[in-house]
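Chains, contacts and geometry: an overview
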Amino acid sequence: MYSWDFGMLWQYRGIIVSGVITTVLFTAVVVITGLLVGVLVGLGRVSSNRTLCGVLRGYVEVFRCTPVLVQLIWFYYALPVLLGIELSPWMAAALALTLYGGAFYSEIVRGGIVSIDAGQTEAGQAIGMTRWQVMRRLILPQAFRRMTPPLVSQSIMQLKNTSLLSVLAVPDLVYQGQLIAHDTYRPLEIYTLVAVLYFIILFPATVVAKRLELHQIKA
Amino acid sequence: MSKPIMISVRGLKKSFGDQTVLRDINLEIAKGEVVALIGPSGSGKSTLLRCLNLLAAPNHGVIKIGGECFDFDQTVPEKLSDRTMARFRAQTGMVFQHFNLFPHMTVVQNVMEGPVTVLRRPKAHAHAQAMKLLAQVGLAEKAEMYPEKLSGGQKQRVAIARALAMDPEVMLFDEATSALDPELVGEVLNVIKQLAERGMTMILVTHEIAFAREVADKVIFMRDGVVVEAGPPAQVIDAPTQAATQAFLARVHKIAA
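Scope of this entry: the structure provided in the associated data block. This one's a predicted model, so the numbers in the text were calculated from it and none came from an experiment.

What to know about the overall build of chain A
Helix and strand content of chain A: eight helices and zero strands. Dimensions of chain A, computed from the C-alpha atoms along their principal axes, are close to 75 × 50 × 25 Å. Scored against the burial criterion, the 219 residues of chain A give a buried share of 43%. Within the structure as shown, chain A displays about 11500 Å² of accessible surface, and the carbon and sulfur contribution to it stands at 69%. Averaging the locations of the 16 positively and 10 negatively charged side chains of chain A gives two centres separated by 13 Å.

A word on the nonpolar core
One finds Ile 7, Leu 12, Ile 25, Leu 48, Leu 52 and Ile 203 of chain B to be the most contacted residues of the largest nonpolar core, which totals 54 residues. Of the residues forming this core, the biggest block, eight residues, is contributed by helix α6 (residues 131-161) of chain A. With residues near it in sequence (within four places) discarded, Leu 52 of chain B still touches Ile 7, Val 9, Ile 63, Ile 65, Phe 88, Leu 172 and Ile 203 of chain B. Counting 40 residues, the second largest nonpolar core, distinct from the first, contains Val 137, Ala 159, Ala 163 and Met 171 of chain B.

What about the interface of chain B and chain A?
At the interface, 24 residues of chain B touch 21 residues of chain A. For the pair chain B and chain A, the summed buried area comes to about 1900 Å², and 57% of that belongs to carbon and sulfur atoms. Linking chain B with chain A are two salt bridges. For the pair chain B and chain A, the interface holds nine residue pairs in polar contact (both at pLDDT 80 or more). Counting residues per element, the ones that place at least two in the side of chain B that touches chain A are α2 (82-90), β6 (92-95) and α3 (107-118) of chain B. Top contributing element to the side of chain B that touches chain A by residue count: α2 of chain B, with five residues. When the residues that make up the side of chain B that touches chain A are grouped by side-chain class, the tally is 11 nonpolar, six polar and seven charged.

Let's talk about unusual backbone geometry
Residues and elements named next belong to chain B. The residue Glu 175 is not glycine, and still its phi comes out positive at about 50°. Inspection of the secondary structure puts Glu 175 in the loop between β7 (170-174) and α6 (182-197). Its relative accessible area of 12% is what places Glu 175 among the buried residues.

Concerning the packing of aromatic side chains
With the rule as written, the count across this model stands at 12 aromatic pairs over all chains. Ring geometry for Phe 26 of chain A and Trp 90 of chain A: centres 6.0 Å apart, planes at 45°, overall tilted. With Phe 26 of chain A in helix α1 (residues 13-45) and Trp 90 of chain A in helix α4 (residues 89-114), this pair connects stretches of sequence that are 64 residues apart. Trp 90 of chain A gets classed as partly exposed once you look at its relative accessible area, which sits at 39%. Between the aromatic rings of Phe 70 of chain B and Phe 88 of chain B, the centroid separation amounts to 4.7 Å while the plane-to-plane angle is 75°, which identifies the pairing as edge-to-face.

Quick word on the sheet that holds strand β3 (residues 34-38) of chain B
Residues and elements named next belong to chain B. Strand order in the open sheet formed by six strands is β6-β7-β8-β3-β9-β10, and the pairing between neighbours is mixed. Each edge of the sheet is formed by a strand with only one pairing partner; in this case those strands are β6 and β10 (226-231). Strand-to-strand twist in this sheet, taken as the mean axis angle between neighbours without regard to direction, amounts to 15°. Sheet analysis places strand β9 (residues 218-223) next to β10, joined by five bridges and oriented antiparallel. Its bridge partner being in β10, Phe 221 is matched across the sheet by Glu 229.

Procedures and definitions
- Residues numbered from 1 in each chain as written.
- Chains lettered and ligands numbered in written order.
- Predicted model: local features only at pLDDT ≥ 70, side-chain atom pairs only at ≥ 80, totals over all residues.
- Heavy atoms only, no water.
- Helix = DSSP H or I, 4+ residues; strand = E, 2+ residues; numbered from the N terminus.
- Buried < 20%, exposed > 50% of the residue type's maximum accessible area, 1.4 Å probe, protein only.
- Areas by Shrake-Rupley, 256 points an atom, 1.4 Å probe, with all protein chains shown as cover.
- Lys, Arg positive; Asp, Glu negative; His and termini not counted.
- Charge placed at Lys NZ, Arg CZ, Asp CG, Glu CD.
- Core = buried A, V, L, I, M, F, W, Y, C linked by side-chain atoms within 4.5 Å.
- Contact = heavy atoms within 4.5 Å.
- Buried area = accessible area lost by both parts, 1.4 Å probe.
- Salt bridge = Lys/Arg side-chain N within 4 Å of Asp/Glu carboxyl O.
- Polar contact = N/O pair within 3.5 Å; in protein donor to acceptor, adjacent residues only side chain to side chain.
- Nonpolar A, V, L, I, M, F, W, Y, C, P; charged D, E, K, R; others polar.
- Phe/Tyr/Trp six-rings, centres within 6.5 Å; stacked < 30°, edge-to-face > 60°.
- Pairing = 2+ DSSP bridges.
- Axes fitted to C-alpha atoms, helices over the stretch in contact; angles between N-to-C directions.

Such coordinate-based values are descriptive only and should not be taken to indicate function.
Structure representation (structure tokens):
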């Protein structure tokens, strides 16, 4: 019978906390940049410019149909060679996760926009609105309400995806856990703690997402 | 007719793909005139209305409304800028079968939206005007409600107020009472009648033949994308000369009876 000893983890509290902070901050950054990309790409995909739509669709499919772990590795090892630049693990990871998240966010944004009844566009145009005014005043405010729950879910996925950063030696929660495991030969305790910490961060977020969804159904 | 011409349509043609919906439409409508467009489904009435404010882009023909004129024999609709079309549309008010109110805005915000966003009027000014229009359609006390709380008839009256807020030269009604419960049709028709009495130029696509006879100065019967018969209601509705008109009216009367 394995005898658990969580007490020995106390001495590593500083490393664990720094891992949590890295994970949370990194998620915050890639959620924001991913949303920016997602909104722009989503808008682009409902534009009438066919070339633009095609290019953006290509981007979305490439990032949706390859594993995010492969993307992380590719951005760190392959892209710098192709472009002849040097990317820090942070930069490569931020770039990969931004573009990965952006691809999924853009599908949510596009779906939200096309789900709004065409009658809204016609009503807006009938009172003399331009296409952009229709988008800004009528479509987007209604679409964003519908998009919020899936955007929150996708952001939760983003946080979980940051656990892959450890392969590029970015010191996130998982990476710090690995360090401690190597140091103590106590992987059970540390990986259990890591899992619990992820849960503590994410569970409230899923509760919020659920609330938003219920709110949506009522509205 | 001595009154100035408000709407003039010449040689209007519209097709969707290889399906021709409007073949060769010619119309002249004087300022203050009320025109009822009647005809069977698929006759092109709604498409004609939508061509008049460019929600559907005509393939050929000339459309003149008020001071603005578009010649689609010379211009391709795709070449028209968004802004040009928006300005043109702003001078015609349109009321839809399914209301199309903005669900994320209150009733009064719905009415203010055009003046504030398109005409860039100050909010206070637009609010005062919106309240006056809501009073005119009998809904001042619903100003702060959201559309979902309203009945179909109330929604449609808000939609009329929203269109009127742009001070349009012309009002277009696309089957404005077709989606309403029978007991709510009257309240909307009353508002339309008031507008007619105030001298608003209007085109109504309608299935309410009795109402058309009552308020319209001119009735146009369409079938298969052409105007079959046009004239005062006493002529087109009560004594139609064309077989198609007679057949259509006989069917409508049978349903009504």
